[in-house]
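Each chain, letter by letter, is given below.
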Amino acid sequence: MKIKNNLLALLFFASFSLLAQGKKMLEKKEEIYALKVAFITNKLPLTSSEAEKFWPIYNAFEDKQFELKHEKSLVFLKKMDNETLNKMSEKEAAALLYKMESAEEEIFQMRKKLIISLKPILSQVKLIKLRKAEEEFNKKLLLQYMKKGPRKN
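None of the values given here were measured: they were computed from a predicted structure.

*Asks:* What is the right way to read the side chain of Q65 from this model?
*Replies:* Looking at where Q65 falls in the secondary structure, it is placed in helix α3 (residues 48–78). Judged by relative accessible area, Q65 falls into the buried class, the value being 11%. Residue contacts for Q65: discarding those within four places in its chain leaves I107 and M110.

Here is the structure:
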């Protein structure tokens, strides 16, 4: 369980570091989201009625999630450089850790609300397929990033 939590924390920080690239990342958001929508559309067979109800809810979730990650990442990243970390007291570290955990919990609660909102629209099987498609997309995106390597602009 501890390894899983550490992995989640690592992914959490990785997403923050990606988000922290500022304006460039904001410009890439729409491009990545368009790819994600196409990927999910391909993997999740929605009827026109389901799609009409699904996409507005999903888009709102994605926007809120992005805003939360972006907003929180700016606070955390300012404190993540080695100099700041080396000078940080245990009390400051505990407060920062609490904020990080709270942000993760908030994202988790948002996902739960998404599922609750989608249950009347999609079957249980389609909800699982949605989650699987999201995971596959994230894995594909990460592999593509690793293949190209970080860009230095």
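Alright, that's what it looks like, and here's the rest.
*Asks:* Sorry, what's going on with the side chain of E62 here?
*Replies:* Residue placement: E62 occurs in helix α3. With a relative accessible area of 10%, E62 lands in the buried category. In contact with E62, other than residues within four places in its own chain, are Y33, K36 and E134.

*Asks:* Mind showing me how you'd approach the packing of aromatic side chains here?
*Replies:* Any pair of aromatic rings gets described here by the distance separating the centres and the angle formed by the planes. Evaluation of the coordinates by the stated rule reveals 5 aromatic pairs. On the numbers, 5.8 Å between centres and 55° between planes, the contact of F39 with F137 is tilted. Within this pair, whereas F39 is found in helix α2 (residues 23–43), its partner F137 is found in helix α6 (residues 124–148), the two being separated by 98 residues in sequence. An identical accessibility class is assigned to F39 and F137; each is buried. Taken together, the ring pairs in this structure connect F54, W55, Y58 and F61 into an aromatic cluster.

*Asks:* What is the right way to look at the nonpolar core in this model?
*Replies:* If you look at soluble globular proteins, the nonpolar side chains tend to sit buried side by side. Grouped together as the largest cluster of nonpolar side chains are 16 residues, with contacts concentrated most on I40, F54, Y58, L118 and L130. Of all the secondary-structure elements, those providing two or more residues to this core are α3, α5 (90–118) and α6. What I40 contacts, discounting residues up to four positions off in sequence, is W55, Y58, L130, A133 and E134. If you look at the next biggest cluster of nonpolar residues, it comprises 5 residues, including M88, L96, M100 and A103.

Cut-offs applied
- Residues numbered from 1 in each chain as written.
- Predicted model: local features only at pLDDT ≥ 70, side-chain atom pairs only at ≥ 80, totals over all residues.
- Heavy atoms only, no water.
- Helix = DSSP H or I, 4+ residues; strand = E, 2+ residues; numbered from the N terminus.
- Buried < 20%, exposed > 50% of the residue type's maximum accessible area, 1.4 Å probe, protein only.
- Contact = heavy atoms within 4.5 Å.
- Phe/Tyr/Trp six-rings, centres within 6.5 Å; stacked < 30°, edge-to-face > 60°.
- Core = buried A, V, L, I, M, F, W, Y, C linked by side-chain atoms within 4.5 Å.

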